[in-house]
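Chain by chain, the residues:
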Protein chains: 2
Amino acid sequence: MADENPQCTEQKIKEAARKVFMEKGFDGTTTRDIAEVAGINQALTNYYFRSKEKLFRLIFEDVHREFFQQIYAIMAQPIDLRDKLPLLVEAHFSLFAANPDLPLFLLSELRRHPDLLTPPSKDRPVFFFLRQMQQAIDEGQIRPVPPLHVLQLLMANIQFLHLSRPITMEIAAFDQAAHEEFTRRHKDIVIDMLMSYLFTF
Amino acid sequence: MADENPQCTEQKIKEAARKVFMEKGFDGTTTRDIAEVAGINQALTNYYFRSKEKLFRLIFEDVHREFFQQIYAIMAQPIDLRDKLPLLVEAHFSLFAANPDLPLFLLSELRRHPDLLTPPSKDRPVFFFLRQMQQAIDEGQIRPVPPLHVLQLLMANIQFLHLSRPITMEIAAFDQAAHEEFTRRHKDIVIDMLMSYLFTF
DNA sequence: AAAAAAATTAATCACTTGATTAAAACATCT
DNA sequence: AGATGTTTTAATCAAGTGATTAATTTTTTT
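Note that the structure is predicted; figures quoted are calculated from it, not measured.

A.B. asks: So what exactly am I meant to see when it comes to the protein's contact with DNA strand D here?
C.D. replies: Around DNA strand D, a shell composed of 15 residues is seen, among which Thr-30, Ser-51 and Lys-52 of chain A together with Thr-9 and Tyr-48 of chain B lie nearest. Expressed as a percentage, the sugar and phosphate content of the atoms of DNA strand D within 4 Å of the protein is 57%. Between a base nitrogen of DNA strand D and a side-chain N or O atom of Arg-32 of chain A, the distance comes to 3.0 Å. One of the side-chain nitrogen or oxygen atoms of Asn-46 of chain A is found 3.2 Å away from a phosphate oxygen of DNA strand D.

A.B. asks: Help me out: how do you make sense of the domain arrangement of chain A in this one?
C.D. replies: The parts lose accessible area when they come together, and the size of an interface is often stated as this lost area. Residue and element names in this part refer to chain A. Domain boundaries in chain A define domain 1 (1–50) and domain 2 (62–199). One C-alpha centre belongs to domain 1, the other to domain 2; they are set 30 Å apart. Between domain 1 and domain 2, the contact holds seven residues from the first and ten residues from the second. Interface area, domain 1 with domain 2, both sides summed: about 690 Å², of which 48% is carbon and sulfur. Connecting domain 1 to domain 2 are three salt bridges. Of the charged contacts, one joins Arg-18 and Glu-66 as a salt bridge, the two residues approaching to 3.1 Å between their closest N and O atoms.

A.B. asks: Would you take a moment to explain unusual backbone geometry for this structure?
C.D. replies: One can expect most non-glycine residues to show negative phi and most peptide bonds to be in trans. All names here are of chain B. One non-glycine residue with positive phi stands out, namely Arg-50, at about 70 degrees. The topology assignment puts Arg-50 in the loop between α3 (43–49) and α4 (52–75). With a relative accessible area of 67%, Arg-50 lands in the exposed category. Of note in this structure, Ala-173 is not a glycine but carries a positive phi near 55 degrees. Note that Ala-173 resides in the loop between α10 (165–172) and α11 (176–199).

A.B. asks: Teacher, can you tell me more about the pattern of salt bridges here?
C.D. replies: What the rule picks out here adds up to 24 salt bridges over all chains. Measuring nitrogen to oxygen at the nearest pair gives 3.1 Å for the salt bridge that ties Lys-187 of chain B to Glu-90 of chain B. Remark: Glu-90 of chain B occurs in helix α5 (residues 81–98) and Lys-187 of chain B occurs in helix α11; sequence separation between them is 97 residues. Lys-187 of chain B gets classed as buried once you look at its relative accessible area, which sits at 17%. What you see here is one network of salt bridges that share partners, running through Lys-14, Asp-62 and Arg-65 of chain A.

A.B. asks: Just to check I follow, could you spell out empty space enclosed by the protein for this structure?
C.D. replies: Enumeration according to the criterion identifies four cavities of 30 Å³ or more in this entry. Size it by volume and the largest cavity reaches roughly 400 Å³. Along the walls of the largest cavity sit 31 residues, with Ser-108 and Glu-109 of chain A together with Ser-108, Glu-109 and Arg-112 of chain B positioned nearest its centre. At the level of elements, α1 (9–24) and α6 (102–112) of chain A together with α1 (9–28) and α6 (102–112) of chain B are the ones that each hand at least two residues to the lining of the largest cavity. The greatest single-element share of the lining of the largest cavity, amounting to seven residues, is contributed by α1 of chain B.

A.B. asks: How do you make sense of the relation of the copies chain B and chain A when you look at a structure like this?
C.D. replies: For the pair of chain copies, the relating transformation is a rotation about an axis with a translation along it. When chain B is brought onto chain A, the operation consists of a screw motion whose angular component is 180 degrees and whose axial shift is 0.0 Å, with 0.0 Å RMSD remaining. Accordingly, the operation relating the two chain copies is best matched by a two-fold axis. Interface residue correspondence from chain B to chain A reaches 100%, placing this contact among same-surface, isologous pairings.

A.B. asks: How do you make sense of the UniProt feature "DNA-binding region" (unreviewed entry) in chain A when you look at a structure like this?
C.D. replies: Here the UniProt-annotated "DNA-binding region" (unreviewed entry) positions come out as residues 30–49 of chain A. Between the end C-alpha atoms of residues 30–49 of chain A there is a gap of 14 Å, over a span that is 75% helix and 0% strand.

A.B. asks: Quick question: what am I supposed to make of the protein's contact with DNA strand C here?
C.D. replies: Residues in close proximity to DNA strand C total 16 residues, the closest being Thr-9 and Tyr-48 of chain A together with Thr-31, Arg-32 and Lys-52 of chain B. Between Asn-41 of chain A and DNA strand C, the recorded distance is 3.1 Å, taken from a backbone N or O atom to a phosphate oxygen. In this structure, Tyr-48 of chain A approaches DNA strand C through a side-chain N or O atom, which is 2.6 Å from a phosphate oxygen. Elements supplying a minimum of two residues to the surface near DNA strand C: α3 (43–49) of chain A together with α2 (31–38) and α3 of chain B. Per-class residue counts for the surface near DNA strand C are five nonpolar, eight polar and three charged.

A.B. asks: Before we go on, may I ask you to explain the confidence of the model for chain A in this structure?
C.D. replies: A low pLDDT means the predicted coordinates there should not be read in detail. For chain A, the mean per-residue pLDDT works out to 93, and 94% of the residues sit at or above 70. Contacts of residues 1–6 of chain A to residues separated by more than four positions or lying in other chains number zero contacts, the stretch itself having pLDDT below 50.

A.B. asks: Would you mind going over the interface of chain B and chain A with me for this structure?
C.D. replies: Listed by partner, the interface residues are 49 residues for chain B and 49 residues for chain A. Carbon and sulfur atoms make up 71% of the surface buried where chain B meets chain A, a total of about 4600 Å² over both sides. Contact with chain A buries area across many residues of chain B, yet Arg-111, Gln-152 and Phe-160 of chain B alone supply 15% of it, more than any other trio. Across the salt bridge formed by Asp-192 of chain B and Arg-143 of chain A, the nearest N and O atoms sit 3.6 Å from each other. At the boundary of chain B and chain A, one finds eleven residue pairs in polar contact (both at pLDDT 80 or more). Looking at the side of chain B that touches chain A, the elements that each hand over two or more residues are α1, α6, α7 (118–121), α9 (147–163), α10 and α11 of chain B. In terms of residues, the side of chain B that touches chain A owes the most to one element, α9 of chain B, which gives eleven residues. Each residue belonging to the side of chain B that touches chain A can be placed in one class, and the counts come to 26 nonpolar, twelve polar and eleven charged.

Reading the values: rules and limits
Residues numbered from 1 in each chain as written. Chains lettered and ligands numbered in written order. Predicted model: local features only at pLDDT ≥ 70, side-chain atom pairs only at ≥ 80, totals over all residues. Heavy atoms only, no water. Near = heavy atom within 4 Å. Polar contact = N/O pair within 3.5 Å; in protein donor to acceptor, adjacent residues only side chain to side chain. Domains from an automatic or database assignment. Contact = heavy atoms within 4.5 Å. Buried area = accessible area lost by both parts, 1.4 Å probe. Salt bridge = Lys/Arg side-chain N within 4 Å of Asp/Glu carboxyl O. Helix = DSSP H or I, 4+ residues; strand = E, 2+ residues; numbered from the N terminus. Buried < 20%, exposed > 50% of the residue type's maximum accessible area, 1.4 Å probe, protein only. 1 Å grid on protein atoms, 1.4 Å probe; cavity = no way out; pocket = protein on both sides within 12 Å on 5 of 7 lines; lining within 4 Å. Points joined across faces, edges and corners; volume = space filled by probe spheres on them. Least-squares fit on C-alpha atoms with pLDDT ≥ 70 in both. UniProt positions renumbered as here; feature names shortened; annotations may be inferred. Nonpolar A, V, L, I, M, F, W, Y, C, P; charged D, E, K, R; others polar. pLDDT = per-residue confidence, 0-100.

Written out as structure tokens, the structure reads:
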């Protein structure tokens, strides 16, 4: 039961590092924490990854890619906005259901280390998506809200639910299951609100 | 120019601590950082506040109170929802304009140290606000969206703009001023969307 | 099986951390 | 001025940090 996945050491370290980094952040994590979770000697983190920072950057890029790749895949699809927007919301929610601390991890580490951002954010799918919205506006299909603001509305309503989970659970006295139910219900409300606002005017 | 505010040492430390903690978080901050910003000897942080953790809790409670007090004051007012909701959004936006990293600071530190939450969150104004919304639903004044979900929508659209500022600035190639303009514009859109969705159905 | 290479370990290094201490500087009071 | 208490400082401590090393074990190659 200890090592259910008899993978190679390098992979064990990466998985442990991902877990610990996402939980405690870069500053709150020690290489000894990671070694303990991975069940290996502390020196091995340096043996395989040179330094704590190199390991962190690797993990961060993985997580970052994993996050944006799914979203970008949908953004880039040549389908109608009326279908695409709900798809985007659904995709985010299922992604976050599997990785609840992903948003807070990305946002706080990006703030601490802004240089982590540059390479992946130059990707084009966002801009394709923004252009598609501008076109829909020009054609009178959706309400004339500048695309960047629509993107902001989208992301806010998708991500904040997970960011504020600790507070919501406290205020509403939710347990894990109750919050998951709350999340499912909220997803439909978000879709309903966004679609109503954009397509009915 | 060095010490423009010739206040007492204790206050200088508190202000420096607040600045550094909000910027780097608890784990990323050293007492020497704080001492340097405050322009005092490192030993004084312990002389006045016993320990780094005690100082942090003090700062956190200050910030936390400052945040909720303004919001709660509005939530508790006996005015119509049609006026209250825009008021809440406006208040948040002006609060965050003055303290841009407040939301991320609160959310990330709360996640790392969940015990920071308990005392202040038991406050009643939220529940008063939630009851008021339930009543408005019963009277058919607003769309029947469970109040807790409305609260979530409200907070999401208010706070996320600030949480995602680094990413937005990068994607949109905004400078400081451009993002402030974006923020002002977004505030109106958020009010418009929420009011449309809740009051038109 | 022997030799060579790779992986793993325990021990340790240099440094930073929060915290403490003892002495010095400063202020207050008689 | 002199005594007393408070504030500030430099020096230091023990613990924890990322990283390195040299020895050991394991694996691979010959």
